[in-house]
Amino acid sequence: MQRPIGVFDSGVGGLNVLKYCTELLPDESFIYLADEANMPYGNKPEDDIARAAFACADKLFSLNCKAVVIACNTATVTAVDRIRALYSTRVVVGLEPAVKPCVKELGKNGYAVALVTDATFASDRFSRLLESCDKRVVPLASPKLAKLIEDNQDDITRIKPYLREVFEKYGDAEAVILGCSHYSYISGLISEIYGGKIKIYDGAEGAARRLKYCLELSGLTAKKGECKPTIKFLSTYKK
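Residues numbered from 1 in each chain as written. Predicted model: local features only at pLDDT ≥ 70, side-chain atom pairs only at ≥ 80, totals over all residues. Heavy atoms only, no water.

Draft legend 1. Region of interest: the nonpolar core. The biggest cluster of nonpolar side chains holds 25 residues, and the ones touching the most others in it are Phe 167, Ile 186 and Tyr 194. Elements supplying a minimum of two residues to this core: β5 (112-116), α7 (145-151), α8 (160-166), β7 (175-179) and α9 (187-193). If you look at the next biggest cluster of nonpolar residues, it comprises 23 residues, including Leu 33, Tyr 41, Ala 50 and Ala 75. (Core = buried A, V, L, I, M, F, W, Y, C linked by side-chain atoms within 4.5 Å. Buried < 20%, exposed > 50% of the residue type's maximum accessible area, 1.4 Å probe, protein only. Helix = DSSP H or I, 4+ residues; strand = E, 2+ residues; numbered from the N terminus.)

Draft legend 2. Spotlight on the packing of aromatic side chains. For the structure on display, the rule yields three aromatic pairs. Ring geometry for Phe 167 against Tyr 194: centres 5.8 Å apart, planes inclined by 75°, an arrangement best described as edge-to-face. Separated by 27 residues along the polypeptide, Phe 167 in the loop between α8 and β7 and Tyr 194 in the loop between α9 and β8 (199-202) bring together distant segments of the chain. In this arrangement the basic side chain of Lys 19 is found over the ring face of Tyr 20, its NZ or CZ atom lying 4.1 Å from the centre. It is Arg 90 that lies over the ring of Phe 61; its NZ or CZ is 4.7 Å from the centre. (Phe/Tyr/Trp six-rings, centres within 6.5 Å; stacked < 30°, edge-to-face > 60°. Lys NZ or Arg CZ within 6 Å of the ring centre and 35° of its normal.)

Draft legend 3. Seen up close, empty space enclosed by the protein. Summed over the entire model, instances satisfying the criterion amount to two cavities of 30 Å³ or more. Considered as a void within the structure, the largest cavity measures approximately 60 Å³ in volume. What lines the largest cavity is Asp 9, Ser 10, Pro 40, Tyr 41, Gly 42, Cys 72, Thr 74, Thr 117, Ala 146, Cys 180, Ser 181 and His 182. For the lining of the largest cavity, the per-class residue count stands at five nonpolar, six polar and one charged. (1 Å grid on protein atoms, 1.4 Å probe; cavity = no way out; pocket = protein on both sides within 12 Å on 5 of 7 lines; lining within 4 Å. Points joined across faces, edges and corners; volume = space filled by probe spheres on them. Nonpolar A, V, L, I, M, F, W, Y, C, P; charged D, E, K, R; others polar.)

Draft legend 4. View of the layout of surface pockets. For the largest pocket, the calculated volume is near 480 Å³. Along the wall of the largest pocket there are 23 residues; nearest its centre are Glu 96, Ala 98, Gly 203, Gly 206 and Ala 207. Of all the secondary structure elements, the ones that give two or more residues to the lining of the largest pocket are α3 (73-86), α4 (99-105), α6 (124-130) and α10 (204-218). For the lining of the largest pocket, the element with the highest residue contribution is α10, accounting for six residues. Residue composition of the lining of the largest pocket, by class: eleven nonpolar, four polar and eight charged.

Draft legend 5. Structural context of the packing of helix α2 (residues 46-62) against α3. Relative orientation of the contacting elements α2 and α3 amounts to 65°, with a least axis distance of 9 Å. Between α2 and α3 the crossing geometry is right-handed. The residues of α3 that touch α2, namely those facing Glu 46, Ile 49, Ala 50, Ala 53, Phe 54 and Ala 57, are Thr 74, Ala 75, Thr 78, Ala 79, Arg 82 and Ile 83. Class assignment of the residues belonging to the contact of α2 with α3 gives a composition of eight nonpolar, two polar and two charged. (Axes fitted to C-alpha atoms, helices over the stretch in contact; angles between N-to-C directions. Left-handed = near helix turned anticlockwise from the far one by under 90°. Contact = heavy atoms within 4.5 Å.)

Draft legend 6. Summary view of the sheet that holds β5. Strand order in the open sheet made by the four strands is β6-β5-β7-β8, with parallel pairing throughout. Where the open sheet ends on each side, the last strands, each with one partner, are β6 (137-141) and β8. On average, adjacent strands in this sheet sit at an angle of 25° to one another, irrespective of strand direction. Two elements, β5 and β7, share five bridges in a ladder whose sense is parallel. Bridge pairing in β7 links Ala 112 to Ala 175. (Pairing = 2+ DSSP bridges.)

Draft legend 7. Structural context of α10. With 15 residues, α10 extends 21 Å from end C-alpha to end C-alpha; this agrees with the ideal 21 Å at 1.5 Å per step. Looking at the buried side of α10, the elements it contacts are β1 (5-9), α1 (15-24), β2 (30-35), β3 (67-70), β4 (91-93) and β8. Looking at the residues trailing α10, positive phi occurs at Gly 219, about 70°. (Expected span 1.5 Å × (residues − 1).)

Draft legend 8. Spatial organisation of the environment of Leu 234. Among the secondary structure elements, Leu 234 is positioned in strand β9 (residues 231-236). A sequence separation of 60 residues divides Leu 234 from Glu 174, and the C-alpha atoms of the two residues are 38 Å apart. For Leu 234, the residues in contact, after removing those within four places along its chain, are Ile 31, Tyr 32, Leu 33, Ala 34 and Leu 63.

Draft legend 9. Focus on the pairing of β7. Most of β7 is tucked away, with five of its five residues classed as buried. By the alternation rule, side chains of β7 split into Ala 175, Ile 177 and Gly 179 and Val 176 and Leu 178, which are all buried. Note that β7 and β8 share four bridges and pair parallel. In the strand pairing of β8, Val 176 is matched with Ile 200.

Here it is, written out as C-alpha cells:
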C-alpha cells in the first residue's frame, strides 16, 4: 500500500493531472515520468504512440508502482486497452476528454468544441465517445498546439494569436473541452478569447477521482501517517 503511483505524459501536460491526484490522495507517493524524447505524441503514428506508452508504463511498473496513470489523452485512446491487457493484474487509469459531463450541462441549442490532437481526432475510442452526443460536440484537431505549449512555458501568452485562429469559426460555442493534458495551461487564454463567456471542461480531475476509486476497490490506498509522501520526477531525453 505504501508503494508509489506512477504518472506519465509526453511532457509537462500531465503535471496538471498529477496536481489533482496529490490533492485527492495526499498520503500517496508519486513518480512522474515526462517522456520528452517522444514529445509530442499527438502527431505520431499509432504504433509509435503505443510503443512510447508501453515503455513508460513498463518503466513505472519496474519501479514498483502499484498503479499507473496515463496522464495523456492521446496515449489513452491509443494504448490504454492494450496496456491494461498486458498488465491485467495492475491498476491502470487513463485520461479522457470530459465530453459526457459537458453534454449534460449544455443548453438546449448549445454546442461544445472538443480541442484534441490529430491522433485523438482519428481514434476509434474518441469517435465512440462522441457517438451519443447527437453532434453537439464538434471535434477540433490542432496538430501544433501541444508542442507550442511545451516550447512557450516561460510566456504562454505568446501563443494567443494562434489560438484566436484555431477558435475563429467557433465564436458561438457554449463550451470548450480540453482533449489534451497540455491544454490545461491555456484554459485562461481560451477564456480571454471568449471574453470570459465560455465553460471549459478538463478531464484531469475525473482521472484523479477514478484513480482514488480504483485504489480503494483494490485495497491499495496508503494508510495515513505510515510514511512521508514524496514526489519523484523522471524524464526521457531526445538522443
